[in-house]
Amino acid sequence: MTRLFAILESVDRLRRAVVFVGVTSIGASIAACEPSRAVDHRSPPPAVARNAPPSTTNEPAASNPPAATEPPASPQPPPRRPGAFANVDPNDDGIVAPPDLVPDCEGELARANVKFRAAALAVHEQKKSKIVCGAPQVVVYVSGPGKIAYSSPPLLTCGMALALASFEKLVQEEARATFGAPVVRIDHLGTYNCREMAAYPGWVSEHSYANAIDVARFVLANGKTIEVERDFDLQDPPRKPSGVFLRAVSRRANDEDVFSHVLTPYFDAHHKNHFHLDLARYRTDGTRPQG
């Protein structure tokens, strides 16, 4: 009997060994067929792109958070309409400073058919008022695409010179449409003047940067003159051709975004005798009744 028990115990040990070997072999086979889930913690997992579609996998999330990604680049603004130079960005309205540089200024002026002379107007702080004046990129405007002479060659920022070239084109279109003759001269009251605004003390004028021009008179090829002080008509519609012309060129300069500011006698008494044209960072339409 004792011998029988010994034999049975040996058989049982053998059966257990066979089962253990079988289970171990099956487990090894399963492990060999399954992809490894091990995570290498020496480097972060690939960053997830912003706005990527949601994952469809049922895998658990990685223990490490995704690496920080760079914020997406701001979308590029739409191309500027040819001839428009007004500032249309509402986010920089509070900046009081000389205008930004125009990339490839000389090339842009040449393509706009502007003849000019290089000039310098150092950026500086006025001792008395402490306002900053001057601009880093100015030219003397000799002539433009409209073939218009000026009472004196305007000293202007590059941006204003380009805008003035655009203004000449619409001036000639309106002069020919209204009078059948082109404008041959524009008389202006100045461009650069380091000062605050006449009507708003504490506000720096764009004249302080040579970023403005005050236009007072247009002279036609037939000798006729159109003066802002004499001919601008507050009546709507204007009663005379000169008033029609002045209304058209001022409103087109504003509505077609040629300049940021177009101030006329409609705006206030300080502009009863001229159009103020500039490229400020903020916008004002002074070509219509105020208030």
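For the structure itself, consult the block above.
Read on for an overview of the structure. Small disclaimer: the values here were computed from a predicted structure and weren't measured.

1. Regarding the pairing of strand β2 (residues 132-143)
Here strand β1 (residues 115-125) runs beside β2; their pairing, made up of 8 bridges, is antiparallel. Considered in β2, the bridge of F116 is made with Y141. Hairpin connection from β1 to β2: 6 residues lie between these consecutive antiparallel strands, with K130 at a positive phi of about 70 degrees. Sheet topology note: the β2/strand β4 (residues 155-157) ladder contains 3 bridges and is antiparallel. If you follow V139 over to β4, its bridge partner there is L156.

2. Section: the pairing of strand β5 (residues 183-190)
When a strand is regular, its side chains alternate between the sheet's two faces. With 2 bridges connecting them, strand β3 (residues 149-150) and β5 associate as parallel partners. For A149, the partnering residue across the bridge sits in β5 and is R185. Inspection of the sheet shows β5 paired to strand β6 (residues 212-220) by 6 bridges, in the antiparallel sense. Note that in β6 the partner of V183 across the bridge is L220.

3. Focus: the state of the cysteines
For the structure on display, the rule yields 2 disulfides. Bridging C105 to C158, the disulfide has an S-S length of 2.2 Å. Across the disulfide from C105 to C158, rotation about the S-S bond amounts to roughly 115 degrees, and the bridge is consequently right-handed. Remark: C158 occurs in helix α3 (residues 158-179) and C105 occurs in helix α2 (residues 105-111); sequence separation between them is 53 residues. Residue C105 shares its accessibility class with C158, and that shared class is buried. Numbered by order of appearance in the sequence, the disulfide-linked cysteines of the protein pair as 1-3, 2-4.

4. Some remarks on the sheet that holds β4
Overall, antiparallel pairing links the 3 strands, which are arranged β1-β2-β4 in an open sheet. Each edge of the open sheet carries a strand with a single partner, namely β1 and β4. Within this sheet the neighbouring strands show an average axis-to-axis angle of 40 degrees, counted without direction. Against the sheet, α3 makes contact with β2 and β4, and its axis sits at roughly 105 degrees relative to β4, the strand it touches most.

5. Points about the packing of aromatic side chains
This structure, assessed with the given rule, holds 8 aromatic pairs. Between F232 and F275 the ring centres are 5.9 Å apart and the planes differ by 85 degrees, which places this aromatic pair in the edge-to-face class. With F232 in the loop between α4 (228-231) and α5 (241-255) and F275 in strand β9 (residues 275-278), the pair connects residues that are 43 residues apart, well separated along the chain. Each of the two residues, F232 as well as F275, counts as buried. Ring-pair connections join several aromatic residues into one group, and the members of that group are F179, F218 and F245. R247 extends its terminal NZ or CZ atom over the ring of F232, reaching a point 5.8 Å from the ring centre.

6. Observations regarding the nonpolar core
F167, V171, V183, F218, F245 and F259 are the most contacted members of the largest nonpolar core, which totals 42 residues. Elements that contribute at least two residues to this core include exactly α2, β2, α3, β5, β6, α5 and β9. The element that contributes the greatest number of residues to this core is α3, accounting for 12 residues. In contact with V183, other than residues within four places in its own chain, are K147, I148, V171, Q172, A175, F218, V219, L220 and F245. With 5 residues, the next largest nonpolar core counts C133, C194, V204 and Y209 among its residues.

7. Concerning the pattern of salt bridges
Opposite charge on two side chains permits pairing when their charged atoms draw close. This structure, assessed with the given rule, holds 16 salt bridges. Between D104 and R111 there is a salt bridge, with the nearest N and O atoms lying 2.8 Å from each other. For R111, a relative accessible area of 55% gives the class exposed. When the shortest N-O distance is used, the salt bridge between R239 and D233 registers 3.1 Å. By relative accessible area, which is 8% here, D233 ends up buried. Ionic contacts of the salt-bridge type, sharing partners, join the residues R185, D187, R217, E227, R230 and D231 into one network.

The rules behind each value
- Residues numbered from 1 in each chain as written.
- Predicted model: local features only at pLDDT ≥ 70, side-chain atom pairs only at ≥ 80, totals over all residues.
- Heavy atoms only, no water.
- Pairing = 2+ DSSP bridges.
- Helix = DSSP H or I, 4+ residues; strand = E, 2+ residues; numbered from the N terminus.
- Disulfide = S-S within 2.5 Å.
- Buried < 20%, exposed > 50% of the residue type's maximum accessible area, 1.4 Å probe, protein only.
- Axes fitted to C-alpha atoms, helices over the stretch in contact; angles between N-to-C directions.
- Contact = heavy atoms within 4.5 Å.
- Phe/Tyr/Trp six-rings, centres within 6.5 Å; stacked < 30°, edge-to-face > 60°.
- Lys NZ or Arg CZ within 6 Å of the ring centre and 35° of its normal.
- Core = buried A, V, L, I, M, F, W, Y, C linked by side-chain atoms within 4.5 Å.
- Salt bridge = Lys/Arg side-chain N within 4 Å of Asp/Glu carboxyl O.

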